[in-house]
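Descriptive analysis of the structure
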Amino acid sequence: DGGITQSPKYLFRKEGQNVTLSCEQNLNHDAMYWYRQDPGQGLRLIYYSQIVNDFQKGDIAEGYSVSREKKESFPLTVTSAQKNPTAFYLCASKKRNSYEQYFGPGTRLTVT
Amino acid sequence: KQEVTQIPAALSVPEGENLVLNCSFTDSAIYNLQWFRQDPGKGLTSLLLIQSSQREQTSGRLNASLDKSSGRSTLYIAASQPGDSATYLCGVNNNDMRFGAGTRLTVKP
């Protein structure tokens, strides 16, 4: 079964701690994306990667970091520098010459 | 910067009604537009993708239209069912995808 997996589904952290969200895809897609979704708002782009070992900042990259060491994996670290990290985080991917994005099930992060 | 607006923010209809969801965007130089469905606490499921050269796309009871020059797209749902209850988002592709805040649809039995 091809698809995008995100783990865990729910994540709880204390303020001041870094936390890493997992995103894995077995669709052989080149590009991967991280979005943040807040209640009543559209998705906002955090980081994206078009190829392995390369990634670009999106609109709201401050307080986040990523890596792309493997084509299948694009983990997102929410650092203590992110002022308001509680949100729903969505990972997506797409083929190189396509604009159609496919989304994972999301991770809900709560920081207290 | 592309701005995407979806109206209405919420919509409640009785089962069986036909309905239209709206999406407007400010920059008409788009590659395509994608409609998604999102159930509570879940990821996005792609419903329809319309290329910039197309006027509409159909899938079952869903029909999406695109008027690039006026910066509008509509998602038409025929014969709505309670299972259609979800939030519907449109994503507009220039160089990257911009999303509206979505329309939360409730179909009452």
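Preceding this section is the structure that the text describes.
A brief structural summary.

Things to note about the packing of aromatic side chains
Under the criterion given, the structure shown has 10 aromatic pairs over all chains. For the ring pair Tyr35(A) and Phe99(B), a centre distance of 5.3 Å and an interplane angle of 85° mean the geometry is edge-to-face. Residue Tyr35(A) is found in strand β4 (residues 31-37), and its partner Phe99(B) is found in strand β10 (residues 97-99); the two belong to separate chains. The class of Tyr35(A) is buried, set by a relative accessible area of 1%. Seen in terms of ring centroids, Phe103(A) and Phe99(B) are 6.1 Å apart; in terms of plane orientation they differ by 80°. Their pairing is edge-to-face. Placement of Phe103(A) in strand β10 (residues 102-103) and of Phe99(B) in strand β10 is noted, with the two residues assigned to different chains. These aromatic residues form a ring-pair network of at least three members: Tyr33(A), Tyr35(A), Tyr48(A), Phe103(A), Phe36(B) and Phe99(B). A cation over an aromatic ring shows up here: Arg68(A) above the ring of Phe74(A), its NZ or CZ 6.0 Å from the ring centre.

Structural notes on the interface of chain B and chain A
In this assembly, 20 residues from chain B lie in contact with 18 residues from chain A. Between chain B and chain A, roughly 1,400 Å² of surface is buried when both sides are summed, and carbon and sulfur atoms account for 55% of that area. Contact with chain A buries area across many residues of chain B, yet Gly41(B), Leu44(B) and Phe99(B) alone supply 27% of it, more than any other trio. The interface formed by chain B and chain A includes one salt bridge. A salt bridge links Arg98(B) to Asp59(A), with the shortest nitrogen-to-oxygen separation between them at 2.1 Å. Where chain B packs against chain A, one counts six residue pairs in polar contact (both at pLDDT 80 or more). Listing elements by their share of the side of chain B that touches chain A, those giving two or more residues are β4 (32-38), β5 (44-51), β9 (86-93) and β10 of chain B. Considering every element that reaches the side of chain B that touches chain A, the biggest residue donor is β4(B), with four residues. Here the side of chain B that touches chain A is composed, by residue class, of eight nonpolar, nine polar and three charged.

About the cut-offs
Residues numbered from 1 in each chain as written. Chains lettered and ligands numbered in written order. Predicted model: local features only at pLDDT ≥ 70, side-chain atom pairs only at ≥ 80, totals over all residues. Heavy atoms only, no water. Phe/Tyr/Trp six-rings, centres within 6.5 Å; stacked < 30°, edge-to-face > 60°. Helix = DSSP H or I, 4+ residues; strand = E, 2+ residues; numbered from the N terminus. Buried < 20%, exposed > 50% of the residue type's maximum accessible area, 1.4 Å probe, protein only. Lys NZ or Arg CZ within 6 Å of the ring centre and 35° of its normal. Contact = heavy atoms within 4.5 Å. Buried area = accessible area lost by both parts, 1.4 Å probe. Salt bridge = Lys/Arg side-chain N within 4 Å of Asp/Glu carboxyl O. Polar contact = N/O pair within 3.5 Å; in protein donor to acceptor, adjacent residues only side chain to side chain. Nonpolar A, V, L, I, M, F, W, Y, C, P; charged D, E, K, R; others polar.

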